[in-house]
Amino acid sequence: IPSGFTVLAGRPKLGKSWLALQIATAVGAGGKVFDRDVETRNVLYLALEDNERRIKERLLRQKATELETVEFRFEWPPLTTPFAIDELNRAIDASGYGLVVIDTISRALGDADQQDQAAMNMRLGALQRMAIERNIALLVVDHHRKPTANVGDVVDDVMGATSKVGVADAAIGLYRARGQSEATLKVTGRDVM
């Protein structure tokens, strides 16, 4: 996950949050993600669709320990307000987070119209600038739209306006047939080979 704004998207209930949690705990512990060493960093995980009990259960199932370097928050003001962005900036600066996970961006945007190209560009562009300026990785979990004949395009598959991914420095698509254990990750980005 590079510094900047990264979208991790996939169809509902296919493992996006599990993957984001694995990444967060690996970064918090200084472990490995996909057999690559990751630098130990403080992590803020906005689990906006979960609660403390569910996160603890998932950590146990993943054999991950609770870490002081990973802070979970289950509520956050909608990121459509300047107050919420300022609050996020203050939290990053105060705790030195190197990774911020927002699970999910739809919940974080509140009642914003995610089909509105200009609004998504402005709102998510502010988050991308924040991540770049602070040299942190911001990983946002999002959903893929219903499958069409053109399935498999990491950018086009993300639900809502294309500008949601247009501002991203990287996009990761999680593709898995329901009921199957194997999945495919597709990645694209400004600095991705």
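Just so it is clear, the structure is predicted and the values come from calculations on it, not from any experiment. (Residues numbered from 1 in each chain as written. Predicted model: local features only at pLDDT ≥ 70, side-chain atom pairs only at ≥ 80, totals over all residues. Heavy atoms only, no water.)

Requested: an account of the overall build of the protein, with residues and values cited.
The helix and strand tally for the protein stands at 6 helices and 9 strands. What you see for the protein is a C-alpha radius of gyration of 16 Å, in line with the 16 Å of a compact globule of 193 residues. Expressed as lengths along the three principal axes of its C-alpha atoms, the size of the protein is roughly 45 × 40 × 35 Å. The buried share of the protein, taken over its 193 residues, is 47%. Within the protein, contacts between residues separated by at least 24 positions form 67% of all contacts whose residues are at least 6 apart in sequence. A total of about 10100 Å² of accessible surface is found on the protein, and carbon and sulfur atoms cover 48% of it. (Helix = DSSP H or I, 4+ residues; strand = E, 2+ residues; numbered from the N terminus. Rg over C-alpha atoms; globule rule 2.2 N^0.38 Å. Buried < 20%, exposed > 50% of the residue type's maximum accessible area, 1.4 Å probe, protein only. Contact = heavy atoms within 4.5 Å. Areas by Shrake-Rupley, 256 points an atom, 1.4 Å probe, with all protein chains shown as cover.)

Requested: an account of the pattern of salt bridges, with residues and values cited.
One pass over the full model with this rule turns up 9 salt bridges. Here the salt bridges do not stand alone but share partners, grouping Asp-50, Arg-54 and Arg-58 into one network. (Salt bridge = Lys/Arg side-chain N within 4 Å of Asp/Glu carboxyl O.)

Residues and numbers for the side chain of Arg-58, please.
Relative to the assigned elements, Arg-58 resides in helix H2 (residues 52-61). Of the residues examined, Arg-58 reaches a relative accessible area of 15% and is grouped as buried. In this structure Arg-58 touches Ser-17, Trp-18, Leu-21 and Asp-50, once residues within four positions along its chain are discounted.

Quick one: what's the story with a nonpolar patch on the surface, residue by residue and with numbers?
A contiguous nonpolar patch, built from Phe-34, Leu-185, Val-187 and Val-192 and spanning about 340 Å² of accessible area, is present on the exposed surface. Tracing the backbone through its elements, the reader meets Leu-185 in strand S9 (residues 184-189). Given the relative accessible area of 33%, Leu-185 is considered partly exposed. (Patch = residues over 30% accessible without salt bridge, like charges linked within 9 Å, V, L, I, M, F, W, Y side chains within 5 Å.)

Kindly report on the nonpolar core, identifying the contributing residues and their values.
By size, the foremost hydrophobic cluster in this structure holds 35 residues, and its most contacted members are Leu-79, Ile-102 and Leu-127. Breaking this core down by element, the ones donating at least two residues are strand S1 (4-10), strand S4 (42-47), helix H3 (82-95), strand S6 (97-103), helix H4 (105-108), helix H5 (117-134), strand S7 (137-143) and strand S8 (170-175). Membership of the second largest hydrophobic core comes to 22 residues, among which are Ala-20, Leu-21, Ile-23 and Leu-139. (Core = buried A, V, L, I, M, F, W, Y, C linked by side-chain atoms within 4.5 Å.)

So what about H3? Which residues, and what values?
Along an α-helix, residues three or four apart share an orientation, since each turn contains 3.6 residues. In a regular helix each residue adds 1.5 Å, so 14 residues correspond to 20 Å; H3 covers 20 Å between its end C-alpha atoms and thus fits that length. Restricting attention to buried positions, one finds in H3 the residues Ala-84, Ile-85, Leu-88, Asn-89, Ala-91 and Ile-92. Along the axis of H3, the buried positions cluster into a sector of 160°, meaning they face one direction only. Projecting away from the buried face of H3 at angles above 90 degrees are the exposed residues Pro-82 and Ala-94. Close packing links the buried residues of H3 with S4, S6 and H5. Immediately downstream of H3, the backbone of Gly-96 shows phi near 65°, a positive value. (Expected span 1.5 Å × (residues − 1). Arc of directions from axis to C-beta.)

Let's hear about the confidence of the model for the protein: which residues, and what values?
Of all residues in the protein, 95% have pLDDT values of 70 or greater, and the mean over the chain is 86. Of all the helices and strands in the protein, helix H6 (residues 163-166) carries the lowest mean pLDDT, 74, while S4 carries the highest, 96. (pLDDT = per-residue confidence, 0-100.)

Please provide a residue-by-residue account of the packing of helix H1 (residues 16-29) against H2, values included.
Relative to each other, H1 and H2 sit at 75°, their axes nearing to 11 Å. By the angle class used here, H1 and H2 are roughly perpendicular. Contacts between H1 and H2 pair Ser-17, Trp-18, Leu-21 and Thr-25 from the former with Arg-58, Leu-59 and Arg-61 from the latter. Taken together, the residues that form the contact of H1 with H2 break down as 3 nonpolar, 2 polar and 2 charged. (Axes fitted to C-alpha atoms, helices over the stretch in contact; angles between N-to-C directions. Parallel < 35°, antiparallel > 145°, perpendicular 65-115°, else oblique. Nonpolar A, V, L, I, M, F, W, Y, C, P; charged D, E, K, R; others polar.)

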